[in-house]
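Each chain is listed here by its residues.
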Amino acid sequence: MPSLTFLGAAGTVTGSKYLLDLGEHRVLVDCGLFQGLKELRQRNWQSLPIAPADIDAVVLTHAHLDHVGYLPRLVADGFHGPVYCTPGTRDLASLILTDSARIQEEDARDANRHGYSKHHPALPLYTSADAEQALTRLRAVGFRQSFQVVPGAEVEFIEAGHLLGSAFARMQTPDQTIVFGGDLGRYGRPVLPDPAAVEEADVLLVESTYGNRRHEPDDGGARLAQIVNDTAARGGKLIIPAFAIGRVNEIIYWLDRLEEDKRIPVLPVYVDSPMASRALQFYADHSAELDPDVQVGRKGVRGFFTERMTMVASPQQSKQLVASKRPAIVIASSGMATGGRVLYHLAAALPERRNTVMFAGYQAAGTRGRQLVDGASHVRMKGREIPVAAQVEKLDSMSAHADADEVMRWLSGFKRPPRMTYLVHGESDALGALRARIETERHWPVHVAAHHERVDV
């Protein structure tokens, strides 16, 4: 009998990996990196319960790090099969895996130079060469095009509305239909279309990141405008840690609208993320996948440029921007403040009351972002304790993850209940709340997946 093993994103929001064993063939759906708490990050260094060489193929739902970031390690450890994804995921993965490897190498070098690692020498989880090798495994397949992933199993990508190229992976075997939900997008948001409806599945995997919460209602940018205006009035900087792939686009979209409507002053806006700059071009290249009202013009995707926007290219430019005390809006990755250039901006901005740090996405437990939104008085970065005096804000309305109501709305599109629905990609409170709601409102059988749990399907 086929079996499904939850190798990640079970009881947590990171490290998405689902191993489907069909007997003669094995498919890994998503290949994500664990982030956040140290006990989770340590899982990245542990061997999988299956030899990577025994996995026949990988299917990716989208290009966020917690869904693709382990792929270079998998390849380095012996996986040699194809990795199937949409064209948009292929393009964005080329950015995120290269950047992830660079950060891993930089962090290892910094740890060795300053001696703040317990390991001697500190090593990267994988190298840039590993990332480049992993990218050669990618095979792009468009939406709604059925393909054979292994003998006896066909897969089709269905639009998920979470990120450029993001998809549900619907797998058809001789006996059943399995839908791997990936991350579910939202309804009525700018840039990307709504998640597509799915009518049936025998086995369903659903994320529950916000399974116990509702997002702030769409206020037409009012709260963002207030944060910008308050920071400008104090003569401070607004630092926005943002996921370079996806979230930067929406932040710039709203800043452009607010400027155009004269609801905020026209401030210098700096995008200090080479990866985000390249991702914006990929969005232009795949404009047919965006909302119909998003247009592509001479400068790229309309709405993704403010009046005084600068793409910071070199490390030297970034250092100058960190040192500058002039009022400005700085958008830099990473979105949970786990690495990248944003750490230098935070180290400079957090000790000063005139500045603001605004988070615009989910902050996983154990990340600096979660510590800051939870009110930490100090955060540790690059071996130093940084005091927090700046204003810290969180804007949930920009989240790319469906909230509890939106998950239930998507589930209402099913014409028959799945034989079993597995809840993944959530913390315990969210998982429990969503399970209770599905059982009460839909009367479906629901199971909360556990880490390394194996179930027959």
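Source: prediction; values computed, not measured. (Residues numbered from 1 in each chain as written. Predicted model: local features only at pLDDT ≥ 70, side-chain atom pairs only at ≥ 80, totals over all residues. Heavy atoms only, no water.)

Chemist: Even after reading the chapter, I still don't get the sheet that holds strand S23 (residues 446-448), so can you show me in this structure?
Modeler: Within a sheet, each strand pairs with its neighbour through backbone hydrogen bonds, oriented either parallel or antiparallel. Strand order in the open sheet made by the seven strands is S7-S8-S9-S10-S11-S22-S23, with mixed pairing throughout. Whereas interior strands pair on both sides, the edge strands pair on one side only; in this sheet they are strand S7 (147-150) and S23. Geometrically, the sheet is characterised by an average inter-axis angle of 25 degrees between neighbouring strands, direction not taken into account. Two strands pair when backbone bridges link them, and strand S10 (residues 177-180) and strand S11 (residues 203-207) are joined in this way by three bridges, in the parallel orientation. Bridge assignment links Phe-180 to a residue of S11, and that residue is Leu-205. This element, helix H12 (residues 404-411), spans strand S9 (167-172) and S11 of the sheet and lies at about 160 degrees to S11. (Pairing = 2+ DSSP bridges. Helix = DSSP H or I, 4+ residues; strand = E, 2+ residues; numbered from the N terminus. Axes fitted to C-alpha atoms, helices over the stretch in contact; angles between N-to-C directions. Contact = heavy atoms within 4.5 Å.)

Chemist: Got a minute to help me understand the sheet that holds strand S6 (residues 138-140) in this structure?
Modeler: The strand order across the open sheet built from seven strands is S6-S5-S4-S3-S2-S1-S24, with neighbouring strands paired in mixed fashion. The sheet is open, and its two edges are formed by S6 and strand S24 (454-456), each paired on a single side. Going across the sheet, the axis of each strand differs from the next one's by a mean of 25 degrees, ignoring polarity. Contacting strand S5 (83-85) and S6, helix H4 (residues 87-114) crosses the sheet at an angle of about 145 degrees to S6.

Chemist: Explain the nonpolar core to me, please; I cannot follow it from the model alone.
Modeler: One recurring pattern in soluble globular proteins is that nonpolar side chains are buried together. By size, the foremost hydrophobic cluster in this structure holds 71 residues, and its most contacted members are Leu-74 and Ile-331. In terms of residue count, the dominant contributor to this core is helix H7 (residues 247-260) (seven residues). Contact partners of Ile-331, with chain neighbours within four places excluded, come to Ile-240, Ala-242, Val-248, Ile-251, Ile-252, Leu-255, Val-269, Tyr-270, Val-271 and Asp-272. Counting residues in each nonpolar core, the second largest holds 31 residues, with Ala-9, Tyr-18, Phe-147 and Val-457 among its members. (Core = buried A, V, L, I, M, F, W, Y, C linked by side-chain atoms within 4.5 Å. Buried < 20%, exposed > 50% of the residue type's maximum accessible area, 1.4 Å probe, protein only.)

Chemist: Before we go on, may I ask you to explain the packing of H4 against helix H5 (residues 128-135) in this structure?
Modeler: Each pair of packed helices can be described by the angle between their axes along with the distance between the axes. For the pair H4 and H5, interaxial distance at closest approach is 8 Å and the crossing angle is 165 degrees. If you check the angle between H4 and H5, you find them roughly antiparallel. Crossing of H4 against H5: the hand is right-handed. On the side of H4, the interface is formed by Ala-93, Ser-94, Leu-97, Thr-98, Ala-101, Arg-102 and Glu-105, while H5 contributes Ser-128, Ala-131, Glu-132 and Leu-135. In terms of residue class, the contact of H4 with H5 is made up of five nonpolar, three polar and three charged. (Parallel < 35°, antiparallel > 145°, perpendicular 65-115°, else oblique. Left-handed = near helix turned anticlockwise from the far one by under 90°. Nonpolar A, V, L, I, M, F, W, Y, C, P; charged D, E, K, R; others polar.)

Chemist: Even after reading the chapter, I still don't get unusual backbone geometry, so can you show me in this structure?
Modeler: Backbone phi values are negative for most residues with the exception of glycine, while trans is the configuration of most peptide bonds. In this model, Ser-333 is joined to Ser-334 through a cis peptide bond whose omega is 20 degrees. With respect to the helices, strands and loops of the structure, Ser-334 is situated in the loop between strand S17 (328-332) and helix H10 (342-349). Unlike most non-glycine residues, Ala-9 shows phi in positive territory, near 50 degrees. With respect to the helices, strands and loops of the structure, Ala-9 is situated in the loop between strand S1 (3-6) and strand S2 (18-21). Residue Arg-144 is not a glycine yet carries a positive backbone phi of 65 degrees. By relative accessible area, which is 45% here, Arg-144 ends up partly exposed.

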